[in-house]
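Below are the chains, spelled out letter by letter.
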Amino acid sequence: MKTGANIGTNGAQGLQNGRGISIFRHLNPNRMSSLLKKIRQYFSAKAPIPPVSSPDEFPVDENMFNNYSFVIGSLFTYFNDLPADHKVRFVNRVHHFKNTKKFHFIGLEEKDDISTLVSAAAIQVTFGLKNYLLTYFKDIYVLADAYKMENDNELYIGHVAPEGVYLSWRHFNYGYSNKSDNINVAVHEMSHALLYNNFFAQYGIDSNFRMNYEKFSTTTGPILADVVTKRRSYLRSYAFSNLHEFWAVSVEAFFVNPKGLKENMPELFEALCRVLNQDPSTRNKILRMELSE
Ligand SMILES: [Zn+2]
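K.L.:
Explain the overall build of the protein to me, and be specific about the residues and the numbers.
P.N.:
Scanning the protein from N- to C-terminus turns up 12 helices and four strands. When contacts within the protein are restricted to residue pairs at least 6 apart in sequence, those whose partners lie at least 24 apart make up 69%.

K.L.:
Can you explain the environment of Ser281? Please cite residues and give values.
P.N.:
Within the fold, Ser281 resides in the segment after α12 (266-276). A sequence separation of 21 residues divides Ser281 from Gly260, and the C-alpha atoms of the two residues are 9.7 Å apart. Among residues more than four places away in sequence, those in contact with Ser281 are Pro258, Lys259 and Lys262.

K.L.:
A description of the pairing of strand β3 (residues 158-161) should follow, citing residues and the corresponding values.
P.N.:
The alternating pattern of β3 places Gly158 and Val160 and His159 and Ala161 on opposite faces, both of which are buried. When β3 meets strand β4 (residues 164-168), the two strands line up antiparallel, connected through four bridges. By the bridge assignment, Gly158 is partnered in β4 with Leu167. Once β3 ends, the chain turns through two residues before running back antiparallel as β4.

K.L.:
Describe the sheet that holds β4, listing the residues and the values that go with them.
P.N.:
Ordered by their spatial adjacency, four strands build an open sheet running β1-β2-β4-β3, and the pairing between neighbours is mixed. Since the sheet does not close on itself, it has two edges, and those belong to β1 (102-106) and β3, each with one partner. When the angles between neighbouring strand axes are averaged without regard to direction, this sheet yields 15°. Bridging between β1 and strand β2 (residues 139-143) involves five bridges; their strand directions are parallel. Looking at β2, one finds that Lys102 is bridged to Asp139. Here helix α7 (residues 169-177) sits on the sheet and contacts β2, β3 and β4; the angle it forms with β4, its principal contact strand, is near 75°.

The rules behind these values
Residues numbered from 1 in each chain as written. Predicted model: local features only at pLDDT ≥ 70, side-chain atom pairs only at ≥ 80, totals over all residues. Helix = DSSP H or I, 4+ residues; strand = E, 2+ residues; numbered from the N terminus. Contact = placed C-beta atoms within 7 Å. Buried ≥ 20, exposed ≤ 12 C-beta atoms within 10 Å, placed from the backbone. Pairing = 2+ DSSP bridges. Axes fitted to C-alpha atoms, helices over the stretch in contact; angles between N-to-C directions.

Here it is, written out as structure tokens:
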């Protein structure tokens, strides 16, 4: 199996998904606008789904809070570091997110804790945002290990497609247990999902995220140019496949080792803080509370 370099190649190629669409390969910036058009067409090909009548966001009781805290805290140092009031907010969001998704287990036993932990990854990425439910995606597929897709010999550890978010459970755990390589497949795929949700879906859009992402994509131009000139970067080379991967790989580094990214690529770090409205190197995380609720 290919590892490392192949990790995260998924989100983009997943969109091909045996349908002969190869919209993400061999991009150059001049083709970005036509690319965005193609992605829009691809995602809007699905009939619009009205907003689900999601269960009301109600606070979990103390017993449930303790159970959630135990499960999430077993893997997420991000969660363990939060002040008490933010822990409550995090757990309530996980509970709400989990109840609005259908989880499918492929090759492994169905477990509520797995649904909780996968939901926690989405909540970590969206913790500074008002709209965190990624409403476009109703289904989450958890597979036991790396997998292959139809008409494709590559091994995937996760991908995002119109029909759902896919994650290898083995690699999910790897992402949260190994902090030295800036690789976290769940954060990677959730950041793709967040982008798709905000630019191609019709519901659950976070207007602040959208506005800041547009600014983010214009400020990353000089960063990309710099990397091309120097031919090396703090980010793994897969980031430079295209702008979508640059986004997802940057968000991974942002959460796996915030201090490392801040030290090595301060402008990128600042841009991510603005777009996600959080600084994961601080205990409090959220930067402007008024934009997140
Ligand atoms: Zn990706």
